[in-house]
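Secondary and tertiary structure notes
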Amino acid sequence: MRKIWFTSDDTTSNPVRLSRRQFVRSATVAAALSRIDAVHAADEAPGNGFIDAHVHVWTPDVKAYPLDKAYDVRDMQPASFTPQQLMAHAKPAGVDRVVLIQMSFYGTDNSYMLDVIAEHPGVYSGVAIIDPAKQPRETMRQMKERGVRGFRIVAGQQDADKWLDNNTMKTMWKIAADEGMAICPLMNPEYLPALDAMCAQFPRTRVVIDHFARIGVTGTIVDAQVEDLCKLARHDNTYVKTSAFYALGKKAAPHDDLSSMIRRCVDAYGSNRLMWASDCPYQVQSPHRYQPSIDLIQTRLDFLSEEDRQWMLRKTAAQVFFT
């Protein structure tokens, strides 16, 4: 058998004799260790993996982070969902950056979200909730300096035709355009026509629609509602989150029943204006799981090209929320 000779860096040491089999085994181990080092490096330097564009986090420490007066600890279900709990689901799926959405439990006090962003530089971006009637320009600029890139607005039970038709909201949209920040509406499908009109009035404002405008939350994907959503694609600064699969359609993995709606959105908006998101912690509440949500975009939809997948899983959210 041919022998391969190696010596240590210390030239006074005795030579070490390795057989070819031992040498190959050593090289294999070295390669494996190199891959492990590369994974660890990726963990330490976020930006190479996927982005989850919609997650809520909260802490059971209500003394340090008091709840809004409209809520109490019984509303916190689950009782805790910290960044550490989130990443236990997200990292194994290849996610290394996250867009945090201010949790309603805290009202307009964004302290917990802002502290999470500050404690993990480069990992988290934020979508805040503010009172647009209180010094909106100063507040929005301050939030931008602290890692916020968007502002959530909620339709709730407001009049579907008038929920955006007020001077306070219009001021907020103008400031968002001036500052290069996004308006992120949470709403049901009946609110889409009013949003369409607002996008036409403020074409410079970037708008990111949450969860397909909740089309399918009733269990049925209504064709006319998808049509209304796709009409907004004519506004160049309008985006859609393909997200919250656990809550739409059949509300069960592997979520293939949502494929037609996703395809229509891809055809209307292009993948560069769509972004995947989980809406955790709700996507990981039993019987739902994190991996099937990302798998739908990453592996299951055969009409998506590899480039489409990269836009939806990383590149769109990076441009909107991490620049």
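**What about the overall build of the chain?**
On a plain count of helices and strands, the chain comes out with 10 helices and 10 strands. In the chain, which comprises 323 residues, the share counted as buried stands at 47%. Long-range contacts, defined as pairs at least 24 residues apart, comprise 74% of the intrachain contacts of the chain with a sequence gap of at least 6. Total accessible area computed for the chain in this model is approximately 15900 Å², and 49% of it derives from carbon and sulfur atoms.

**A word on empty space enclosed by the protein**
Summed over all chains, the structure comprises one cavity of 30 Å³ or more. What the largest cavity holds in volume is close to 40 Å³. Lining the largest cavity, in full, are V55, H56, V57, L100, I101, Q102, M103, Y106, Y112 and M113. Mapped by element, the contributors of at least two residues to the lining of the largest cavity are β4 (95-101) and α3 (111-119). When grouped by side-chain class, the residues that make up the lining of the largest cavity number eight nonpolar, two polar and no charged.

**Quick notes on the packing of aromatic side chains**
Scanning the entire structure with this criterion turns up nine aromatic pairs. Seen from their ring centres, Y106 and Y112 are 6.1 Å apart, and the 40° between their planes marks the pair as tilted. The exposure class of Y106 is buried, given its relative accessible area of 4%. For Y112, a relative accessible area of 9% puts it in the buried group. Between the aromatic rings of W276 and Y290, the centroid separation amounts to 5.9 Å while the plane-to-plane angle is 85°, which identifies the pairing as edge-to-face. With W276 in strand β10 (residues 274-277) and Y290 in helix α9 (residues 290-300), this pair connects stretches of sequence that are 14 residues apart.

**Quick look at unusual backbone geometry**
For residues besides glycine, phi is generally negative; the peptide bonds are generally trans as well. Following Q77, the chain continues to P78 via a peptide bond in cis, the omega torsion being 5°. Mapped onto the elements of the fold, P78 is located in the loop between β3 (50-55) and α2 (83-90). Put simply, S286 and P287 share a cis peptide bond, and its omega is 10°. Structurally, P287 is set in the loop between β10 and α9. The backbone phi angle of Q135 is positive, close to 45°, even though this residue is not glycine.

**So, the nonpolar core**
Core analysis: the largest hydrophobic core is formed by 81 residues, its most contacted members being W173, L195, I209 and I262. Those residues in contact with W173 that lie beyond four places of it in its chain are I153, L164, I183, L195, M198, C199, F202, T205 and V207. Of all hydrophobic cores here, the second largest spans 15 residues; its members include I101, C184, Y239 and M275.

**Side note on the pattern of salt bridges**
Counted by the stated rule, this structure contains 15 salt bridges. The partner of E179 in a salt bridge is R141, and the shortest N-O contact between them spans 2.7 Å. Taken together, the residues span a long stretch of sequence, with E179 in helix α5 (residues 167-179) and R141 in helix α4 (residues 136-145) at a distance of 38 residues. On the basis of relative accessible area, E179 is assigned to the buried category, the value being 14%. When its relative accessible area of 42% is taken as the criterion, R141 is described as partly exposed. In this structure, D210 and R152 form a salt bridge, with 2.9 Å as the shortest nitrogen-oxygen distance. Note that D210 is positioned in the loop between β8 (206-209) and α7 (223-231) and R152 in strand β6 (residues 148-154), a separation of 58 residues in sequence. Residue classification places D210 among the buried residues on the basis of a relative accessible area of 1%. With relative accessibility at 11%, the residue R152 sits in the buried group. Through salt bridges that share partners, R137, K174, D178 and R204 make up one connected network.

**Digging into the pairing of strand β9 (residues 238-243)**
A large share of β9 lies buried, amounting to six of its six residues. Alternating residues of β9 divide into T238, V240 and T242 and Y239, K241 and S243, and every residue in both groups is buried. With three bridges joining them, β8 and β9 adopt parallel strand pairing. Following the sheet pairing, V208 is matched in β9 by Y239. Read from β8 through α7 to β9, the crossover connection turns out right-handed. Pairing between β9 and β10: four bridges, direction parallel. By the bridge assignment for β10, K241 is matched with M275. In this fold, β9 hands off to helix α8 (residues 259-269), which returns the chain to β10; that crossover is right-handed.

**Describing the packing of α5 against helix α6 (residues 192-201)**
Packing of α5 against α6 brings their axes to within 11 Å, and their N-to-C directions diverge by 55°. Comparing the axis directions of α5 and α6 gives the class oblique. As α5 runs across α6, the sense of the crossing is right-handed. When α5 is examined against α6, the residues M169, K170 and W173 are found in contact with a partner set consisting of L195, M198, C199 and Q201. For the contact of α5 with α6, the per-class residue count stands at five nonpolar, one polar and one charged.

Thresholds applied
Residues numbered from 1 in each chain as written. Predicted model: local features only at pLDDT ≥ 70, side-chain atom pairs only at ≥ 80, totals over all residues. Heavy atoms only, no water. Helix = DSSP H or I, 4+ residues; strand = E, 2+ residues; numbered from the N terminus. Buried < 20%, exposed > 50% of the residue type's maximum accessible area, 1.4 Å probe, protein only. Contact = heavy atoms within 4.5 Å. Areas by Shrake-Rupley, 256 points an atom, 1.4 Å probe, with all protein chains shown as cover. 1 Å grid on protein atoms, 1.4 Å probe; cavity = no way out; pocket = protein on both sides within 12 Å on 5 of 7 lines; lining within 4 Å. Points joined across faces, edges and corners; volume = space filled by probe spheres on them. Nonpolar A, V, L, I, M, F, W, Y, C, P; charged D, E, K, R; others polar. Phe/Tyr/Trp six-rings, centres within 6.5 Å; stacked < 30°, edge-to-face > 60°. Core = buried A, V, L, I, M, F, W, Y, C linked by side-chain atoms within 4.5 Å. Salt bridge = Lys/Arg side-chain N within 4 Å of Asp/Glu carboxyl O. Pairing = 2+ DSSP bridges. Right-handed = clockwise from strand over helix to strand, strands pointing away. Axes fitted to C-alpha atoms, helices over the stretch in contact; angles between N-to-C directions. Parallel < 35°, antiparallel > 145°, perpendicular 65-115°, else oblique. Left-handed = near helix turned anticlockwise from the far one by under 90°.

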